[in-house]
Amino acid sequence: MIDIFRSEWTKIRSVRSTVWTLTVTAVLVLGLSALISASAKNMADGPVPGDQAIMLSLTGTMLASLSMATLGVLVISSEYRTGGIRTSLMAVPRRTSLLAGKIVVFVAVSLIVCGVASAGAIGVGVAISQPPSTELGEVARASLGSALYLTACGLFGLGLGTLIRHTPGAIVSAIALIMVLPTMANQFPGEWGRTVAEYFTTNAGLLVVSGQSNASLGPWSGFAVYLAWVAVAVISGAVLMRRRDA
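Residues numbered from 1 in each chain as written. Predicted model: local features only at pLDDT ≥ 70, side-chain atom pairs only at ≥ 80, totals over all residues. Heavy atoms only, no water.

Some thoughts on the overall build of the protein chain
- Assigned secondary structure in the protein chain consists of 12 helices and zero strands.
- Counting from the amino terminus, helix and strand elements in the protein chain follow one another as α-α-α-α-α-α-α-α-α-α-α-α.
- The C-alpha atoms of the protein chain give 19 Å as radius of gyration, which agrees with the globular expectation for 246 residues (18 Å, within 12%).
- Its C-alpha atoms give the protein chain principal-axis dimensions of roughly 65 × 45 × 30 Å.
- Scored against the burial criterion, the 246 residues of the protein chain give a buried share of 46%.
- Considering only intrachain contacts with a sequence separation of at least 6, the fraction spanning at least 24 residues in the protein chain is 76%.
- Accessible surface, the protein chain as shown: approximately 11700 Å² in total, 67% of it carbon and sulfur. (Helix = DSSP H or I, 4+ residues; strand = E, 2+ residues; numbered from the N terminus. Rg over C-alpha atoms; globule rule 2.2 N^0.38 Å. Buried < 20%, exposed > 50% of the residue type's maximum accessible area, 1.4 Å probe, protein only. Contact = heavy atoms within 4.5 Å. Areas by Shrake-Rupley, 256 points an atom, 1.4 Å probe, with all protein chains shown as cover.)

As for the environment of A26
- As for its placement among the helices and strands, A26 is situated in helix 2 (residues 16-43).
- Each C-alpha atom of the pair A26 and M179 lies 19 Å from the other, and the pair is 153 residues apart in sequence.
- Residue contacts for A26: discarding those within four places in its chain leaves G31 and A117.

Digging into helix 3 (residues 50-57)
- Among all positions in helix 3, only G50, A53, I54, L56 and S57 are buried. An end-on view of helix 3 places all buried positions within 165° of arc, on one side of the element. (Arc of directions from axis to C-beta.)

So, the nonpolar core
- One finds F106, Y149, F156, I178, Y226 and M241 to be the most contacted residues of the largest nonpolar core, which totals 49 residues.
- Among the elements that make up this core, the one with the highest residue count is helix 7 (residues 136-164) (11 residues).
- In this structure, Y149 is in contact with T61, M62, S65, I178, T202, G205, L206, V208, V209, F223 and Y226, ignoring residues within four places of it in sequence. (Core = buried A, V, L, I, M, F, W, Y, C linked by side-chain atoms within 4.5 Å.)

Description of unusual backbone geometry
- Of note in the backbone geometry, Q130 takes a positive phi value of approximately 50° without being a glycine.
- For Q130, the position within the fold is in the loop between helix 6 (95-129) and helix 7.
- Despite not being glycine, R165 has its phi angle at roughly 70°, a positive value.
- By the secondary structure assignment, R165 is in the loop between helix 7 and helix 8 (167-185).

A short note on the environment of I85
- As for its placement among the helices and strands, I85 is situated in helix 5 (residues 84-91).
- Residues I85 and L98, 13 residues apart in the sequence, show an inter-C-alpha distance of 9.9 Å.

Overview of the environment of Q52
- The topology assignment puts Q52 in helix 3.
- Along the chain, Q52 and A40 lie 12 residues apart, while their C-alpha atoms are 9.7 Å from each other.

Describing the layout of surface pockets
- Within this model, the largest pocket holds a volume of roughly 260 Å³.
- Contributing to the lining of the largest pocket are 17 residues, with K11, V15, V75, S78 and E79 lying nearest its centre.
- Among the secondary structure elements, those contributing two or more residues to the lining of the largest pocket are helix 1 (2-14), helix 2, helix 4 (61-82), helix 5 and helix 6.
- Here the lining of the largest pocket gets six residues from one element, more than from any other, and that element is helix 4.
- Looking at the lining of the largest pocket residue by residue, the class counts come to seven nonpolar, six polar and four charged. (1 Å grid on protein atoms, 1.4 Å probe; cavity = no way out; pocket = protein on both sides within 12 Å on 5 of 7 lines; lining within 4 Å. Points joined across faces, edges and corners; volume = space filled by probe spheres on them. Nonpolar A, V, L, I, M, F, W, Y, C, P; charged D, E, K, R; others polar.)

Considerations on the packing of helix 7 against helix 8
- At a closest axis distance of 9 Å, the pairing of helix 7 and helix 8 adopts a crossing angle of 140°. When the axis of helix 7 is compared with that of helix 8, the two are oblique. Handedness of the crossing formed by helix 7 with helix 8: right-handed. Contacts from Y149, C153, F156, L160, G161 and I164 in helix 7 reach G169, A170, S173, A174, L177 and I178 in helix 8.
- Class assignment for the residues of the contact of helix 7 with helix 8 results in nine nonpolar, three polar and no charged. (Axes fitted to C-alpha atoms, helices over the stretch in contact; angles between N-to-C directions. Parallel < 35°, antiparallel > 145°, perpendicular 65-115°, else oblique. Left-handed = near helix turned anticlockwise from the far one by under 90°.)

Quick look at the structure:
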């Protein structure tokens, strides 16, 4: 597996789309943190509370989730588009091992980049909004939650890319499942509609970023529900990857 990890690390760092997508993620997180924090400070009648300043600093997480999902799609779909997947499978005949290598390398890169970007965004936001006080534990929790959430979104994209194998189709599916359909689910009527909405993909996953709970889920249980959605996409993709021709 070490050789697979090295090979996938070489692939992911040598492709321009990786660098650009990670750059876009960092710019979105940091840029929106500065913009929203400055706006909140100017509009506030008094000091911005510390917990509110932290959450405002991570406003860019929603848009950044789309760039990370796009990167996850490209990690696998670009090989199908160029035909490079055939060379990869000749080198690693066990397809599940190849996919596992991609997942491990992607998760490691994503956690590092998104963790640094999230912590930086909070630092920028707090410096601009200047709350009376902030709790270091809450800063660490929010940074970790944001990094985990963005990484999960990237894995969602990777699973959909493996499942669909077509870059535009997988990206559109990721956007729908991460941003469009969760918003639509919030409009469902009645008790059943509320329950469906609370358990639907990013509606559940974003709880780990905010640190808040809804009527059914807490921050970590919500993230666990989101991981279950991600696992369905990844496992389905892995099963089809084994059964289909490259």
